[in-house]
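Single-letter residue listing:
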Amino acid sequence: MFHLKNLIGGELLDPKDGGWIENIEPATGDVLGQIPRSQAADVELAVQAASRAFPSWSQTSFEERSACLRRWGALIANHAEALIAAESQDNGKPVSLARSVDIPRAQKNLEFFAGAIEHFASEAHIPADASHIHYTHRKPVGIVGCISPWNLPLYLFTWKIAPALAAGNCVIAKPSEITPVTAWMLSQWATEAGFPEGVFNVLHGYGHEVGQAIVDHPQIKAISFTGGTQTGAHIARTTAGQFKKLSLELGGKNPALVFADCNFDSALRTTLRSSFANQGQICLCSSRILIEESIYPAFRDALVEKASRIIPGDPTDETTKMGAVVSAAHRDKVLGYIQTAKELGATVLCGGETSPAPNERCANGFFIQPTILEGLDAQCSINQEEIFGPVITLQPFRSETEAVQLANNSSYGLAATIWTENLEQAHRVASRVETGIAWINCWLVRDLRTPFGGVKASGVGREGGFEALRFFTEPQNVCVSTGNGAH
Ligand code: TXE
């Protein structure tokens, strides 16, 4: 049983009022430990610590900030096995996934922004007559809040804090209360990495309590948030009067468009992964599979055959491909959607139920079978709302126009995956889908320099590369007369 602590002003502290939350292991339903149920008073302490740290931290050289991030990345590498085990246990994801994706990517996030800040130069503009020089002074915003979700815990946590710290801000970060362990481990190594006390603070607790207190605090000047669309809308509403900078990465209902001329095997293999990776709990997962009519039966049958062979297993088993969903509440939410789909007359092609426990240890775990549904109206809640679990729907289309219409028939606009061997069609469809990301004949291929984010209800703003460094800085235009002309 662990007992997590907040990191405030370089010290690991209990919450001021002593409240605690139980942390549950998804694969077993057992209590793993206690996490601080922090409140506004803890936020106040963290803001005071960050305010003391900001004047000198904001003046450090980019080399110094970069070096701290690199040392922190090396500490992740040194502790990789412990982090992999903790991430899998806390989230329910297969240990192989934490090893191949989550933990290496967390390390890469720190190293990437250590490098990115070295190349992030100011722009200058000089008119033809050289009468003036304009330059852009990019200053750190100040104290910023970074709020992250449970599906890719350390991966998304580091994706936010790395650019914030690289740009010279002081950070108050809040990981999800459902998966707090790896952020806590990282917080224990912040001092060893070289961050002065108060530069990086971590508060644990509920979103509506400590999360809201971070969002509301007038000295916290920017909020970078990844999570549900409703929470994002709530944060946007409650911060509107304070004119905070906001970056909101929200949900998705991502289409995969499978054209008849696609490379069938490649489309099949990757669609299986894009549908069910991390138990379908990635905002980029495909959840609406749109298939051209002429190959619909063949593609459907092959997908169902492959999905039926995925048996959720104990996440600690190295051979497990699908683990547990993150919580009992989330399991019930996903099962509720499957029940609604049945009531709406869907055909359940595979899955549709909880999955039997893979072993005695996991007897009370939260396992759901990979589920494929067909025969649902494009407008129904199952095709419109984010389920965020191992559940996909299949819909046939007859033409490219219809495929694009179906793809865009969503309030969300995060990512689309397009499967075709026709080059012109691929680019044409990519330009017509209303999403922040379009993958052609691939999925989840990421280059950290590229803009990342969604349109419509999938969010506001972009993360990644210089986009993130721009978000975490305030540009000031400075104009200098050269004395060579008008003033
Ligand atoms: O997310 P929340 P939840 C979707 C997915 C899921 C649903 C709800 O559909 O079923 O959202 O998941 C903090 N002020 N995604 O409930 O509540 C919270 O503590 C400040 C998609 O876990 O949005 C956590 O740290 N912070 C998504 C973070 O926000 C608040 C990933 C996200 O929690 C807050 C996760 C408040 N008022 C869920 N309320 C994706 N797009 O990747 C909550 N939080």
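Scope of this entry: the structure provided in the associated data block. Here the structure is a predicted model, which is why all the values come from computation and not from measurement.

### Quick notes on the overall build of the protein chain
Here is step 1 of the chain: Within the protein chain one finds 16 helices and 23 strands.
Here is step 2 of the chain: Scaling as 2.2 N^0.38, a compact globule of 487 residues should have a C-alpha radius of gyration of about 23 Å, and the protein chain matches this with 23 Å.
Here is step 3 of the chain: Seen through its C-alpha atoms, the protein chain measures out along the principal axes to roughly 75 × 60 × 40 Å.
Here is step 4 of the chain: Counting all 487 residues of the protein chain, 57% fall into the buried class.

### Structural notes on the pattern of salt bridges
Here is step 1 of the chain: Going through the model one piece at a time under the given rule, you end up with 22 salt bridges.
Here is step 2 of the chain: Here E463 and K160 are joined by a salt bridge, their closest N and O atoms 2.8 Å apart. Taken together, the residues E463 in the loop between β22 (459-460) and α16 (465-471) and K160 in helix α5 (residues 153-166) connect sequence positions 303 residues apart.
Here is step 3 of the chain: For K160, a relative accessible area of 1% corresponds to the buried category.
Here is step 4 of the chain: The shortest N-O distance in the salt bridge between K456 and E434 comes to 2.7 Å. One end of the pair, K456, is in strand β21 (residues 455-456); the other, E434, is in the loop between α15 (423-432) and β20 (437-440), with 22 residues separating them in the sequence.
Here is step 5 of the chain: Take K456: its relative accessible area is 38%, and that puts it in the partly exposed class.
Here is step 6 of the chain: Among the residues examined, E434 registers a relative accessible area of 38% and is labelled partly exposed.

### A closer look at the site of the ligand
Here is step 1 of the chain: The full set close to the ligand counts 28 residues, and W150, E177, T231, K333 and E386 are the nearest of them.
Here is step 2 of the chain: At 2.8 Å, a side-chain N or O of Q212 approaches a nitrogen atom of the ligand.
Here is step 3 of the chain: Protein contacts shield 87% of the accessible area of the ligand, which totals 810 Å² for the unbound molecule.
Here is step 4 of the chain: Sorting the residues of the shell around the ligand by element identifies α8 (207-216), β11 (220-226), α9 (229-239) and α12 (328-343) as the ones contributing at least two each.
Here is step 5 of the chain: The greatest single-element share of the shell around the ligand, amounting to five residues, is contributed by α8.

### Focus on α9
Here is step 1 of the chain: Of the residues making up α9, those classed as buried are T229, G232, I235 and T239. Buried residues along α9 cover an arc of 120 degrees about the axis, so they all sit on one side. Away from its buried face by more than 90 degrees, α9 exposes Q230 and R237.

### What about the packing of aromatic side chains?
Here is step 1 of the chain: In the structure shown here, the tally under the stated rule is 12 aromatic pairs.
Here is step 2 of the chain: On the numbers, 4.9 Å between centres and 85 degrees between planes, the contact of W72 with F200 is edge-to-face. Of this pair, W72 sits in helix α2 (residues 62-78) while F200 sits in strand β10 (residues 200-202), and the two are 128 residues apart along the sequence.
Here is step 3 of the chain: Classification of F200 by relative accessible area gives buried; the value is 3%.
Here is step 4 of the chain: The ring centre of W159 lies 4.7 Å from the NZ or CZ of R105, which sits over that ring.
Here is step 5 of the chain: Over the aromatic face of F471 sits the side chain of K245, whose NZ or CZ is 5.3 Å from the ring centroid.

### Topic: unusual backbone geometry
Here is step 1 of the chain: Positioned with a positive phi, A130 is a non-glycine residue whose angle comes to about 50 degrees.
Here is step 2 of the chain: If you trace the backbone, A130 turns up in the loop between β6 (124-125) and β7 (132-140).
Here is step 3 of the chain: The phi dihedral of L444 falls on the positive side, at around 60 degrees, and the residue is not glycine.
Here is step 4 of the chain: Within the secondary structure, L444 sits in the loop between β20 and β21.

### A word on the sheet that holds strand β14 (residues 286-292)
Where strands meet in a sheet, backbone hydrogen bonds hold them as pairs that are either parallel or antiparallel.
Here is step 1 of the chain: A sheet is described by the order of its strands in space; here seven strands give the open sequence β15-β16-β17-β14-β13-β19-β20, paired in mixed fashion. Every interior strand has two partners, whereas the edge strands, β15 (347-350) and β20, have only one. Neighbour-to-neighbour, the strand axes of the sheet open up by a mean angle of 25 degrees, direction not taken into account.
Here is step 2 of the chain: Strand direction decides the pairing type here: strand β16 (residues 371-374) and strand β17 (residues 391-397), joined by four bridges, are parallel. Within β17, the residue paired with T371 across the bridge is V391.

### Some details on the side chain of T473
Here is step 1 of the chain: Along the chain, the position of T473 falls in strand β23 (residues 473-481).
Here is step 2 of the chain: Of the residues examined, T473 reaches a relative accessible area of 2% and is grouped as buried.
Here is step 3 of the chain: When near neighbours in sequence (up to four residues on either side) are disregarded, T473 contacts F120, R138, K139, P140, V141, A167 and K245.

### Describing the sheet that holds β23
Here is step 1 of the chain: Strands sit in the order β6-β7-β23 across an open sheet of three strands; the sheet is antiparallel. Each edge of the open sheet carries a strand with a single partner, namely β6 and β23.
Here is step 2 of the chain: Inspection of the sheet shows β7 paired to β23 by nine bridges, in the antiparallel sense. Looking at the pairing, H137 lines up with Q476 of β23.

Analysis parameters
- Residues numbered from 1 in each chain as written.
- Predicted model: local features only at pLDDT ≥ 70, side-chain atom pairs only at ≥ 80, totals over all residues.
- Heavy atoms only, no water.
- Helix = DSSP H or I, 4+ residues; strand = E, 2+ residues; numbered from the N terminus.
- Rg over C-alpha atoms; globule rule 2.2 N^0.38 Å.
- Buried < 20%, exposed > 50% of the residue type's maximum accessible area, 1.4 Å probe, protein only.
- Salt bridge = Lys/Arg side-chain N within 4 Å of Asp/Glu carboxyl O.
- Near = heavy atom within 4 Å.
- Polar contact = N/O pair within 3.5 Å; in protein donor to acceptor, adjacent residues only side chain to side chain.
- Areas by Shrake-Rupley, 256 points an atom, 1.4 Å probe, with all protein chains shown as cover.
- Arc of directions from axis to C-beta.
- Phe/Tyr/Trp six-rings, centres within 6.5 Å; stacked < 30°, edge-to-face > 60°.
- Lys NZ or Arg CZ within 6 Å of the ring centre and 35° of its normal.
- Pairing = 2+ DSSP bridges.
- Axes fitted to C-alpha atoms, helices over the stretch in contact; angles between N-to-C directions.
- Contact = heavy atoms within 4.5 Å.

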